[in-house]
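One-letter residues, chain by chain:
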Amino acid sequence: MALEHALLVSLSERPASGLELTRRFDASIGYFWTASHQQIYRVLGRMETDGWVTCTVVAQQGRPAKKVYEVADPGRAELERWLAAPTAPDPLRSEVMVKFRGASYGDRAAVLDQARERLADHRTRLAHYDRLAERDFPEPAGLRGRELDLYLVLRGGQRLEHFWIDWLTEYLTAHEENR
């Protein structure tokens, strides 16, 4: 997947400025696909040049004007093409797993500290996802269409966090028991 496709999805949800897209990445899409604000602005410029998005300059009181981007017909066509194209299996690339595998060759205590930090991060992220689910989807059984898609992606995030919490706990417990 290219950043372009993540931006097309986000802009299909609602038009936005570059700053608003950056905030969306920080708050939601960024849990699944990361991009810096420089990357977002650079790609938006390229997408505008390619005709995938249009840009409207909106005056703001007391601040410089902002550019608001919206998906154009060629962008919608590209998004439809991309959505229909087969998706390659996601390769598992995990630096932490490689470190765990190599822990015997270095400072195991430092690796275990990293595992504890990761575990705390995953617990924090799961708590955030749980709050979002409770706030935004209190009765998921009746969801349809876009709302169902959003909920199921959130559920996928919750399940991934449960995996990481369970596995990191198992890793740490095994090493604590084998001291």
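Since the model is a prediction, treat every value here as computed from it, not as a measurement.

*Asks:* A description of the packing of helix 2 (residues 18-27) against helix 3 (residues 37-49) should follow, citing residues and the corresponding values.
*Replies:* For the pair helix 2 and helix 3, interaxial distance at closest approach is 10 Å and the crossing angle is 130°. As the angle between them shows, helix 2 and helix 3 are arranged oblique. Relative to helix 3, helix 2 is oriented so that their crossing is right-handed. Seen from helix 2, the contacting residues are G18, L19, L21, T22 and F25; seen from helix 3, they are H37, I40, Y41 and L44. A class-by-class count of the residues in the contact of helix 2 with helix 3 yields six nonpolar, three polar and no charged.

*Asks:* So what's going on with the environment of L150? Residues and values would help.
*Replies:* Within the secondary structure, L150 sits in helix 7 (residues 145-177). When the C-alpha atoms of L150 and L126 are compared, they prove to be 16 Å apart, with 24 residues separating the residues in sequence.

*Asks:* A description of the environment of T34 should follow, citing residues and the corresponding values.
*Replies:* Tracing the sequence through the fold places T34 in the loop between helix 2 and helix 3. Classification of T34 as exposed rests on a relative accessible area of 63%. For the pair T34 and A6, spaced 28 residues apart in sequence, the C-alpha separation works out to 9.5 Å.

*Asks:* Run through helix 7, naming residues and quoting values.
*Replies:* Under the 1.5 Å per step criterion, the end-to-end length of helix 7 is 48 Å for 33 residues, consistent within 8% with the ideal 48 Å. Within the sequence span of helix 7, burial applies to Y151, L154, G157, Q158, E161, W164, I165, L168, Y171 and L172. Among the structural elements, helix 5 (95-101) and helix 6 (108-136) are those in contact with the buried residues of helix 7.

About the cut-offs
- Residue positions within a chain follow its written sequence, with the count starting from 1.
- Where local features are concerned, this predicted model is filtered to residues with pLDDT of at least 70; where side-chain atom pairs are given and counted, the filter is 80 or more; whole-chain, interface and lining totals use all residues.
- Based on all heavy atoms of the structure, the side-chain values leave hydrogens and waters out of the count.
- Helix axes are fitted only over the stretch in contact, all axes being lines through C-alpha atoms; the angle between N-to-C directions runs from 0 to 180 degrees.
- Here a helix means four or more residues in a row that DSSP labels H or I, a strand means two or more in a row labelled E, and each is numbered from the N terminus.
- Here is the rule for angles: anything less than 35 degrees is roughly parallel, anything more than 145 is roughly antiparallel, 65 through 115 is roughly perpendicular, and the remaining ranges are oblique.
- Rotating anticlockwise by less than a right angle from the far helix to the near helix defines a left-handed crossing, while the corresponding clockwise rotation defines a right-handed one.
- Any two residues whose heavy atoms approach within 4.5 Å at even a single point are treated as in contact.
- Here the nonpolar group is Ala, Val, Leu, Ile, Met, Phe, Trp, Tyr, Cys and Pro; Asp, Glu, Lys and Arg are the charged ones; every other residue, Gly included, is treated as polar.
- Working definition: with a 1.4 Å probe on protein chains only, accessible area under 20% of the residue-type maximum means buried, over 50% means exposed, and in between means partly exposed.
- In a helix, the anticipated span is given by 1.5 Å times the number of residues less one.

Scope: geometric values only; no functional claims are made or implied.
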